[in-house]
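In case you want the letters, here they are:
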Amino acid sequence: MSPALAEALRAEAVWLSREILTLQPRELALCRSRFLAVSGFARWFVMRRYLKRICCDVGLFLFFD
């Protein structure tokens, strides 16, 4: 999730603030690539890395087209 979107969510729901992970600038750039293959694989790799980091099996990648 982009830092701007994360801040907006934190402002609305304080109880979520520790649950929201934001992407690094390079990860965000790759996930927003205009090339579908690049953005698709980037989202997949980023999600796998973060799920492993927090020991979860399922995640939700939020973004707007």
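None of the values given here were measured: they were computed from a predicted structure.

1. Re the overall build of the protein chain
Right, so step 1: Secondary structure assignment for the protein chain yields three helices and zero strands.
Right, so step 2: For the protein chain, the N- to C-terminal ordering of α and β elements is α-α-α.
Right, so step 3: Counting the 65 residues in the protein chain, one finds 25% classified as buried.
Right, so step 4: Long-range pairs, those at least 24 residues apart, make up 25% of the contacts in the protein chain with a sequence separation of at least 6.

2. Observations concerning the side chain of Glu27
Right, so step 1: Here Glu27 lies in helix α2 (residues 25-31).
Right, so step 2: Residue classification places Glu27 among the buried residues on the basis of a relative accessible area of 11%.
Right, so step 3: At 3.1 Å, the side chain of Glu27 and the side chain of Arg49 are in polar contact.

3. Quick look at a nonpolar patch on the surface
Right, so step 1: Taken together, the side chains of Leu30, Phe35 and Val38 present a nonpolar region at the surface, about 250 Å² in accessible area.
Right, so step 2: By secondary structure assignment, the location of Val38 is in helix α3 (residues 36-54).

4. Some words on α3
Right, so step 1: Taking 1.5 Å of rise per residue, 19 residues should cover 27 Å, and α3 covers 27 Å from first to last C-alpha, within 8% of that figure.
Right, so step 2: Residues Ser39, Ala42, Val46, Met47, Tyr50 and Leu51 constitute the buried set of α3. Within α3, the buried residues cover an arc of 155 degrees as seen down the axis, which keeps them to one side. In α3, those exposed residues whose orientation departs by more than 90 degrees from the buried face are Ala37, Phe41, Arg48 and Lys52.

5. Brief notes about the environment of Val46
Right, so step 1: Checked against the element boundaries, Val46 lands in helix α3.
Right, so step 2: Between the alpha carbons of Val46 and Leu28 there is a distance of 9.4 Å; along the sequence they are 18 residues apart.
Right, so step 3: With residues near it in sequence (within four places) discarded, Val46 still touches Leu23, Glu27, Cys31 and Phe61.

6. Looking at the state of the cysteines
Right, so step 1: On inspection of all chains with the given rule, the structure shows zero disulfides.
Right, so step 2: Free of any disulfide, Cys55 has its nearest cysteine sulfur in Cys56, 7.4 Å distant.
Right, so step 3: Overall, the relative accessible area of 72% leaves Cys55 in the exposed class.

About the thresholds
In every chain, residue numbers begin from 1 and rise along the written sequence. Since the coordinates come from a predicted model, pLDDT governs what is reported: local features require at least 70, and pairs of side-chain atoms require 80 or more to be given and counted, while whole-chain, interface and lining totals use all residues. Side-chain numbers here rest on the full set of heavy atoms in the structure, without hydrogens or water. Working definition: helices are DSSP H or I runs of at least four residues, strands are E runs of at least two. Numbering for both runs from the N terminus. Here the term buried applies to any residue with accessible area under 20% of the maximum for its type, exposed to any over 50%, and partly exposed to those in between, with areas from a 1.4 Å probe on protein chains only. In this analysis, two residues are considered to be in contact whenever any of their non-hydrogen atoms come within 4.5 Å of each other. What qualifies as a polar contact is a pair of N or O atoms within 3.5 Å, subject to a donor-acceptor requirement within protein and to the restriction that residues adjacent in sequence count only when both atoms come from side chains. Like charges within 9 Å and nonpolar side chains (Val, Leu, Ile, Met, Phe, Trp, Tyr) within 5 Å are joined into patches, using only residues over 30% in relative accessible area that form no salt bridge. Note on areas: these come from Shrake-Rupley sampling with a 1.4 Å probe, and a residue is covered only by the protein chains present in the view. Every case where a carboxyl oxygen of Asp or Glu lies within 4 Å of a side-chain nitrogen of Lys or Arg is listed as a salt bridge. What a helix should span is 1.5 Å times the count of its residues minus one. This arc is taken over the directions from the axis of the helix to the C-beta atoms. To count as a disulfide, a pair of cysteine sulfur atoms needs to be within 2.5 Å.

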